[in-house]
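# Summary of the model geometry
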Amino acid sequence: MNNIVFIFLAILTCGSALGMLITKNLLHAVLMMFLVMFGLAGLFVMAKADVLAVSHLMIYVGGAMILILFGIMLTSKRDILGKNLLKVEENSKLFPLLICVAICFGWFQLINLSKIGFELIPDDQSKLKQVGFLLTTQYSFVFEWVGVFLLIALVGSTFIAKKDE
Amino acid sequence: MNEIPLEAFWLISAFLFTIGFAIILIKKNTLFILMGIELMLGAANLNFAAFNRGDTEQQGIIYGLFVLVVGVCEMAIALAIIIQTFRSAKLRE
């Protein structure tokens, strides 16, 4: 049962990512990225990281995707000649794809060669309690600075995006 | 409940990372490149989550949360820059 769900999620994620690479339409790519993010959240659940799965779902599917859709809406030009302006131009494909296939197979080879003995701790409990405890005790300083970082990013992005007279 | 081996997560994460890299190299649109970067961050996070299973102190999950925050900040600022460059390009026409 576990394996079947995992294989389904893996096919969903990898297939949608491949679709993002193949398609030239920006809007199709955004919709496929929705699927990739859903699949990734499911894979996080399979990796027993429920906190990460929920936050990933909330931040990416809820926030970042809407942001990208707004970006597309605000930057699409007016259609004069009736052609599809969401089509994206591409560089020549041969050389980048060769590089990427080489990287991918190199990685697979590395995975094959490495024999890390990593014992998995069977633990079906939710990790929310432990992670919340750690964030407010051991990692509280980093947590505060993440808040400051978010504030800086928000102020900076509104400053950049404002209309200057 | 049988555990899913670590290698399966590695394979998927390597695949996603390379596809994100390919998108960055091939596409000529800034929004597309942004999405490729998000794919790469997601792949890295998947590795963190997979390795976290052998850790009692949950370091992988906490690091993954911070990676998530940095990715979202980067996306917000990049979209602001995209909108501003679009505006200035429209003014120049």
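Thresholds applied
- Residues numbered from 1 in each chain as written.
- Chains lettered and ligands numbered in written order.
- Predicted model: local features only at pLDDT ≥ 70, side-chain atom pairs only at ≥ 80, totals over all residues.
- Heavy atoms only, no water.
- UniProt positions renumbered as here; feature names shortened; annotations may be inferred.
- Helix = DSSP H or I, 4+ residues; strand = E, 2+ residues; numbered from the N terminus.
- Rg over C-alpha atoms; globule rule 2.2 N^0.38 Å.
- Contact = heavy atoms within 4.5 Å.
- Salt bridge = Lys/Arg side-chain N within 4 Å of Asp/Glu carboxyl O.
- Polar contact = N/O pair within 3.5 Å; in protein donor to acceptor, adjacent residues only side chain to side chain.
- Nonpolar A, V, L, I, M, F, W, Y, C, P; charged D, E, K, R; others polar.

Under an unreviewed UniProt entry, the name given to chain B is NADH-quinone oxidoreductase subunit K, and the organism recorded is Sandaracinomonas limnophila. Looking at the Catalytic activity (unreviewed entry) heading of the UniProt record, one finds this comment for chain B: "a quinone + NADH + 5 H(+)(in) = a quinol + NAD(+) + 4 H(+)(out)". Of chain B, the UniProt comment under Subunit (unreviewed entry) reads exactly: "NDH-1 is composed of 14 different subunits. Subunits NuoA, H, J, K, L, M, N constitute the membrane sector of the complex."

Within an unreviewed UniProt entry, the label attached to chain A reads NADH-quinone oxidoreductase subunit J, and the organism entered is Sandaracinomonas limnophila. What UniProt states about chain A under its Catalytic activity (unreviewed entry) heading is, verbatim, "a quinone + NADH + 5 H(+)(in) = a quinol + NAD(+) + 4 H(+)(out)". Taken verbatim from the UniProt record of chain A, the Function (unreviewed entry) comment is "NDH-1 shuttles electrons from NADH, via FMN and iron-sulfur (Fe-S) centers, to quinones in the respiratory chain. Couples the redox reaction to proton translocation (for every two electrons transferred, four hydrogen ions are translocated across the cytoplasmic membrane), and thus conserves the redox energy in a proton gradient."

## A closer look at the overall build of chain B
The helix and strand inventory of chain B stands at three helices and zero strands. Along the chain direction, N to C, the helices and strands of chain B fall in the order α-α-α. The C-alpha atoms of chain B give a radius of gyration of 17 Å, which is well past the 12 Å a tight globule of 93 residues would have. Expressed as lengths along the three principal axes of its C-alpha atoms, the size of chain B is roughly 60 × 25 × 20 Å. In chain B, 55% of the contacts between residues at least 6 apart in sequence involve partners at least 24 apart.

## Section: the UniProt feature "transmembrane region" (unreviewed entry) in chain B
Residue and element names in this part refer to chain B. In the UniProt entry, the feature "transmembrane region" (unreviewed entry) is given for residues 6-26, 31-49 and 61-83. Split by type, residues 31-49 is 100% helix and 0% strand. Its first and last C-alpha atoms lie 27 Å apart. For the annotated span residues 61-83, helix accounts for 100% and strand for 0% of the residues, and the straight-line distance between the end C-alpha atoms is 33 Å.

## Some words on the interface of chain A and chain B
Put simply, an interface is often sized by how much accessible area is lost when its parts join up. Contacts between chain A and chain B engage 81 residues on the former and 67 residues on the latter. If you look at where chain A meets chain B, you find zero salt bridges. Scanning the region where chain A abuts chain B turns up seven residue pairs in polar contact (both at pLDDT 80 or more). The set of elements that each furnish at least two residues to the side of chain A that touches chain B consists of helix 1 (2-22), helix 2 (26-46), helix 3 (50-75), helix 4 (94-113), helix 5 (128-136) and helix 6 (140-161) of chain A. Top element by residues in the side of chain A that touches chain B is helix 3 of chain A. It accounts for 13 residues. Of the residues that constitute the side of chain A that touches chain B, the class distribution is 56 nonpolar, 14 polar and 11 charged.

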